Each structure stands twice: as C-alpha cells, then as structure tokens.
Amino acid sequence: MSAPAAEEVLRARGLSKGFPGVRALADFDLGIVKGEVHALVGQNGAGKSTLIKILAGAHRPDAGTIEMGGKPVSIDSAKTSADLGIAVIHQDLNLISNMSVAENMHLGFGGHSTLRIFVNWRALHRETAEILSQLNLNIDPATLVRDLSAAEQQMIAIGRALLFDARIVIMDEPTAALGAQEAERVFELVRMLRDQGRSVIYVSHRLEEVLSLSDRITVMRDGRLVGTYDIEEVPSQSVLVEMIIGRSVRDLVRAEDMVPGEVIMKARRLTAGRVRDVDIDLRRGEVVGLAGLVGSGRTELARLLFGADRVESGTLEINGTAVRLNGPRAGIAAGIALLPEDRRGQAAVMSMTLRENLSLAAIGRFASVGFISRSRERAAYTDAAKTLSIKAPSGESKISQLSGGNQQKVVIGKWLQTDAEVLIFDEPTQGIDVGTQEEIHALMRSLAAEGRAVIIISSDLSETVRVSDRVLVMRDGALVAELSHADADMHTVLQHCFGTDEIPADVDAAMEIGAS
C-alpha cells in the first residue's frame, strides 16, 4: 500500500468503543488527507456508524487518540466537532421540513443574529443564495424544505457543510434514497468538494459508487481495520466484495437446478390500477424474480397479491381454494407475507423494541386472556435472533438503533411468526451491506427449500437474475415474459423490459429506484 504524499488532516489511532454485549470498534486506525474522497466500507456492524459518531462528537471512544493537523484533539460534543471543521451529513439528513432552506442551512450558526435575539434575515438569505449558486441550485432560500425533492434536500445538507466551511465532510449513504440521475448530481458535488481541497469521508453500500468516486478505500470488518487501499489496488467490485466479506465471491448464493412443487398461488386476469390481466403461478420450492422498469407495476402487483390493494377483476387461488383478499389481515390469514420496500415507514415501528416488532404480524399467537405475553415474545425473539443472526444487545433494544441489515432481519422474523407460505420481498437488500445481502439471499433459498414460494422484487437486476429460479418480466402493468434461470441473463431481461432489441444507453436511469 502506498502512502499518500498529501497533507494529513485527520489521524485516528487505536480507537476502541464498546456497548453492552457489543464491541463496536477495536484498536482502529484511520488517516484522512487533504483533498481526497476516502470511502469507508464494511458490512452492517463493521463499526462505520460508531466511527462516524465518534468523529461527530456523539460518542466518546473508550481508548485511542485523534489528531487534526498533527495536534491532539478531544471531540466531546457536536459543537466541538463542528468547530474543528467536521461536518456530518447523516442518512436521514436532520432537516426540519416545516422550516425554510435558509433556516435549515443556518441552524446552530449564530452569525446573523443581533444581540442573540433578532435575526438578520436579509443577510441570512443572501448568504444562503450564494451557497445555492455554488451548488447550481435554482431554489428560493425561503422555500420550505418539505417542498423539495429528496435530491434537493441532499444538496441542502451539503450546502450546510459549505456554509460552515468544513474541512472534512462525512457523507453517510448519501444516495440511498436517490435514483441514478439524482445520484449523479451528488457525485458532482463530492468531486467539487474534493477540488476545493476539502476531504470527503464517503460511506456507501453501493460499491460501484465507491469505486468510481474514491481516491482511497478503508475496509472495516467486525470493528477492526482490514486495510486502507489506493483505488488502483482495488481493480474490481468483486475484489472489494471479497475484502468486505472475507471470502470468495464464488461462494455467493445462486439459484440451482431444482424441481418445483405444486402450485401454491394461482392468479388469473388480475387487474387493478396499473396492473392488467396478470396470470401467475407460484410453486412451492421456488424463488421467482419480478423484473421491470420504474412504473412497470411490480410493487402494485405485490400489493394486490398480499391484499394491501383491492382487486378490480380477476381471481386468486391459494392451494386450490379461491380467496378474496379485502385487506392485509385477509392476506395474512391466507398465508401471504409482504416485506415492503419502505422498511422504516411501513415494515417496522421504529419507536418499538425488537421483541414488540417481532410479534406484530401474529399478535394473536402472543396473547393470553386479552393480554400480550411478554415471555412468549421474548422466547420468539431469542429463537429469531439465533436463526437469523440478529446482532443486537437484547430484544428490548429499539429497532431504530439497529443497522439496516439487522432491521430487515427483524422484519423477516416478524413474518416468519405467521408461518406464511408465500413471501414477497420488495427491495429486500436496499441500503444493506453485501454480507447481510448474502444472508438474506440464503434465507430466501432456505425458505423455498422448506416448501414455501418466494417472490423477489429488486432494482438490482443482477440480484434478481442470480437468486431466482424463474424471472417474470413486467412492462406497462402486464407480464410480458417468463424466463427460466438458464435463460434469464441480464441482457435478455432488459430486452423484455424495454420491449426492444435496442437497449438504451442510460439503462441505470430507467432502472432507478422509484415507484415500481
């Protein structure tokens, strides 16, 4: 590994941090140089979030030292971190939706107050306009944040870093909620920050972004440093995956030759909203991928099969018996489970514990004489934590405190309490590290091997192709192709998605995450 010749702006040595039952960081070293994009990668639980919180002043390390500009520093608060020139752009952005762009950008910065009582609004708006101009954003500083797109909100968060003249900008999953075109605008700003001589610590599970943006990459595993590498030392995404998970990509989960069982779900001429005249047979023992462009109707079909939306016409059978799903309760009673793409908004209750979340979909199993049995819930959580390898201090931890991968495992565990025979996974690995992705893929294959039927919907077409026994392609609300695993290469699937042999150059934009 070659040592960079540039000026080092931050050096952490021997950082360690523990929590009850968890060793989050262990003797960790990190060096950041001026004017670089330095990626931080690792599986959920690798220690990335803990490191960010230490640099942000939210956590104090149990051991180790931090230097900035060659001088020891103690980052004991968020204010100290900001005063040292560190800006953290969290995944949830920490913007206040009912306040203006100007107000959000200046929160915590008292430079435009008179006697700390009155705000100099003219100066505040002028300064905000200057920052927005640097970002090439045509937005009125008085605009409420709630009226901005997700990409524009991300830009405003970056603008705060410019306003505070941060020397080090930490970006945590900045494109997780963005499509390809919106993400490209973020990339442009990251490069702009680097060109200005600022240092960017870039945290992302999207490894293609890491490889295209970064000057150096630090890999973490189980709270420890695996290594820091110049980008030239990481020739491909598969090499980076192997560094992160500690094993060969040849071990990744793939669909194998299998003989499907009997039909468990049969839909005929299913129609509602965007979905029209869909025929589908799901068999026991198979994983079926549902592919399509944004707006093709994949998520809408999933909601119909679960009962979340009403069917306008057509029939649905479960195990040969006609069913009419007039709501999610009917879907659950029929043995169907839906893991929605919005994990935080629809799949889990962030204010509740892991134990409480786990029992939500099968609450009757945990009730006794009208009361919820906590002992039953605890026993169920203990079994699920062992089966699904959930990493958490205890079942009494809030689910909001867990990584995205562990949150998803809890959601899966919740649906396994219902003994569902048909499980629909909508974007199951979005925002999740590669190691946990493989655990979820292995779980889907395992559920199919038990005789259940599994549907996977993913914006990552390579994921759909790799783990599915069959791939069904949707276009304009209709099923237009059914491909076996052997026939479902990415080019063929894309041809059916677009309805032409000519694949557009901007495929990523067409496939980007959105209402599908």
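Residues numbered from 1 in each chain as written. Predicted model: local features only at pLDDT ≥ 70, side-chain atom pairs only at ≥ 80, totals over all residues. Heavy atoms only, no water.

## Side note on the packing of aromatic side chains
Summed over all chains, the structure comprises one aromatic pair. Plain terms: the ring middles of Phe306 and Trp415 are 5.7 Å apart, the flat faces sit at 90° to each other, and that makes the pair edge-to-face. Placement of Phe306 in helix α9 (residues 298–306) and of Trp415 in helix α14 (residues 404–416) is noted, with a sequence separation of 109 residues between them. Neither residue differs from the other here; Phe306 and Trp415 are each classed as buried. (Phe/Tyr/Trp six-rings, centres within 6.5 Å; stacked < 30°, edge-to-face > 60°. Helix = DSSP H or I, 4+ residues; strand = E, 2+ residues; numbered from the N terminus. Buried < 20%, exposed > 50% of the residue type's maximum accessible area, 1.4 Å probe, protein only.)

## Some words on the environment of Lys71
Following the sequence through the fold, Lys71 ends up in strand β5 (residues 71–73). Residues Lys71 and Arg344, spaced 273 residues apart in sequence, show a C-alpha to C-alpha distance of 41 Å.

## Regarding the domain arrangement of the chain
Interfaces are frequently sized by the accessible area removed from exposure as the parts join. Taken domain by domain, the chain comprises domain 1 (8–245), domain 2 (262–335 + 421–515) and domain 3 (348–418). Put simply, the middle of domain 2 and the middle of domain 3, counted by C-alpha atoms, are 26 Å apart. Tallying the contact residues gives 13 residues for domain 2 and 11 residues for domain 3. Together domain 2 and domain 3 conceal approximately 860 Å² of surface at their shared face, both sides included; 76% is due to carbon and sulfur atoms. It is Ile332, Glu439 and Leu443 in domain 2 that bury the most area against domain 3; as a group they hold 40% of the surface buried on that side. Remark: the boundary between domain 2 and domain 3 carries one salt bridge. Here Glu439 ties to Lys409 by a salt bridge, and the two come within 2.7 Å at their closest N and O atoms. Counting the contacts that link domain 2 with domain 3 gives two residue pairs in polar contact (both at pLDDT 80 or more). (Domains from an automatic or database assignment. Contact = heavy atoms within 4.5 Å. Buried area = accessible area lost by both parts, 1.4 Å probe. Salt bridge = Lys/Arg side-chain N within 4 Å of Asp/Glu carboxyl O. Polar contact = N/O pair within 3.5 Å; in protein donor to acceptor, adjacent residues only side chain to side chain.)

## Some points on the packing of α14 against helix α15 (residues 434–449)
Packing of α14 against α15 leaves a shortest axis separation of 10 Å and a crossing angle of 15°. The orientation of α14 relative to α15 falls into the category roughly parallel. Viewed along their axes, α14 and α15 form a crossing whose handedness is left-handed. Together, Gly405, Gln408, Lys409, Ile412 and Leu416 of α14 and Thr436, Glu439, Ile440, Leu443 and Leu447 of α15 make up the contact between the two elements. Along the lines of polarity and charge, the residues of the contact of α14 with α15 split into five nonpolar, three polar and two charged. (Axes fitted to C-alpha atoms, helices over the stretch in contact; angles between N-to-C directions. Parallel < 35°, antiparallel > 145°, perpendicular 65-115°, else oblique. Left-handed = near helix turned anticlockwise from the far one by under 90°. Nonpolar A, V, L, I, M, F, W, Y, C, P; charged D, E, K, R; others polar.)

## Examining the nonpolar core
Residues Met265, Leu282, Leu305 and Ile336 are the most contacted members of the largest nonpolar core, which totals 65 residues. Looking at which domains feed residues into this core, each of domain 2 (262–335 + 421–515) and domain 3 (348–418) supplies at least three. For Leu282, the contacting residues outside a window of four places in its chain are Glu262, Val263, Ile264, Met265, Val288, Val422, Ala453, Ile455 and Arg470. Core analysis: the next-biggest nonpolar cluster, separate from the first, contains 36 residues, Leu132, Val145, Leu163 and Met192 among them. (Core = buried A, V, L, I, M, F, W, Y, C linked by side-chain atoms within 4.5 Å.)

## Here we look at the pairing of strand β4 (residues 63–68)
Inspection of the sheet shows strand β1 (residues 8–19) paired to β4 by five bridges, in the antiparallel sense. Within β4, the residue paired with Ser16 across the bridge is Ala63. The pairing of β4 with β5 spans three bridges and is antiparallel. Bridge pairing in β5 places Met68 opposite Lys71. (Pairing = 2+ DSSP bridges.)

## Structural notes on α9
Burial runs high along α9: eight of the nine residues are buried. Gly307 lies just past α9 and shows a positive phi near 100°.

## Observations regarding the sheet that holds strand β24 (residues 478–484)
Here six strands make up an open sheet; going across it, the order is β18-β21-β22-β15-β23-β24 and the pairing mixed. Because the sheet does not close on itself, it has two edges, and the strands there are β18 (336–339) and β24. Adjacent strand axes in the sheet meet at a mean angle of 20° when their direction is disregarded. The pairing of strand β23 (residues 470–475) with β24 spans six bridges and is antiparallel. Opposite Val471, over in β24, you have Leu483 as the bridge partner. Its contacts with the sheet put α9 on β15 (287–292), β18, β21 (422–426), β22 (453–457) and β23, and the angle it makes with β18 is roughly 145°. Helix α17 (residues 490–498) contacts β15, β23 and β24 of the sheet and is inclined by roughly 25° relative to β23.

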